[in-house]
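Notes for the structure review
Each chain, letter by letter, is given below.
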Number of protein chains: 2
Amino acid sequence: MIYSAQVKVMPHKELLDPQGKAVLGGLGNLGLCDVKDVRIGKNITLQVEAPSADEAMKIAEEAAQKLLANPVMEMFEIVINS
Amino acid sequence: MIYSAQVKVMPHKELLDPQGKAVLGGLGNLGLCDVKDVRIGKNITLQVEAPSADEAMKIAEEAAQKLLANPVMEMFEIVINS
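Right, let's walk through the structure included here. (Residues numbered from 1 in each chain as written. Chains lettered and ligands numbered in written order. Predicted model: local features only at pLDDT ≥ 70, side-chain atom pairs only at ≥ 80, totals over all residues. Heavy atoms only, no water.)

**Here's the deal with the sheet that holds strand S1 (residues 2-11) of chain B**
Note the following rule: Only when DSSP finds a minimum of two bridges between them are two strands counted as paired. A run of H or I in DSSP counts as a helix once it spans at least four residues, and a run of E counts as a strand once it spans at least two, with each numbered from the N terminus. Orientation is described by axes fitted as lines to C-alpha atoms, over the contacting stretch for helices, and by angles from 0 to 180 degrees between their N-to-C directions.
The 6 strands are arranged S3(A)-S1(A)-S2(A)-S2(B)-S1(B)-S3(B) in an open sheet whose pairing can be described as antiparallel. Here the strands that pair on one side only, and so sit at the sheet edges, are strand S3 (74-81) of chain A together with strand S3 (74-81) of chain B. Geometrically, the sheet is characterised by an average inter-axis angle of 25 degrees between neighbouring strands, direction not taken into account. Across 8 bridges, the pairing between strand S1 (residues 2-11) of chain A and S3(A) is antiparallel. What sits directly across from A:Val9, in S3(A), is A:Phe76.

**A look at the interface of chain B and chain A**
It is common to give the size of an interface as the accessible area lost on bringing the parts into contact. In plain terms, the rule: Note on contacts: a residue pair is in contact if any heavy atoms of the two residues lie within 4.5 Å. Salt bridge, as applied in this entry: a Lys or Arg side-chain nitrogen positioned within 4 Å of an Asp or Glu carboxyl oxygen. For this analysis, a polar contact is any N or O atom pair within 3.5 Å, provided that within protein one partner can donate a hydrogen and the other can accept it, and provided that sequence-adjacent residues contribute only side-chain to side-chain pairs. In the scheme used here, Gly and all other residues not listed as nonpolar or charged are polar, with Ala, Val, Leu, Ile, Met, Phe, Trp, Tyr, Cys and Pro taken as nonpolar and Asp, Glu, Lys and Arg as charged.
Listed by partner, the interface residues are 31 residues for chain B and 31 residues for chain A. The tally of links between chain B and chain A comes to 2 salt bridges. Note that A:Lys36 and B:Glu49 form a salt bridge whose closest N and O atoms lie 3.6 Å from each other. Where chain B touches chain A, the interface holds 10 residue pairs in polar contact (both at pLDDT 80 or more). Breaking the side of chain B that touches chain A down by element, the ones donating at least two residues are S1, helix H1 (18-29), strand S2 (35-49) and helix H2 (53-68) of chain B. A total of 15 residues in the side of chain B that touches chain A trace back to one element, the largest contributor, which is S2(B). Across the side of chain B that touches chain A, the residue classes break down as 16 nonpolar, 6 polar and 9 charged.

Right under this line is the structure:
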């Protein structure tokens, strides 16, 4: 069966996010001053062929740890949908 | 009050996602052949100061339309958390 795994990769809270700061400045220039902070990460959708949702989660975790996220700078969350 | 708005920006389904295809190839090289498709988008967290969740949603939508998403190539979804 094909499961859809949503992998959300975000920079660690303790770290500066220069891309987010640049976007925050851009929003200010556009007059959207009510936005007080911006953080930018990745959203990755995997289509995983697996016999069960647990197995699909294991495959998505391995993919996230090995390739999708940099554990030094980023954290990830995975949600599996059938 | 400060609301947290999650803006998920993904490439349109009809369009090729070359970044996703490159990651799919990389996962295959790592032996993760059960991943059949990959699509990569952005996940943006905004901290929005607004009197109500509806108002925060309007501000986040304006930010997404004006700066965060390219409507020609990308679609976006917004979720507001208080």
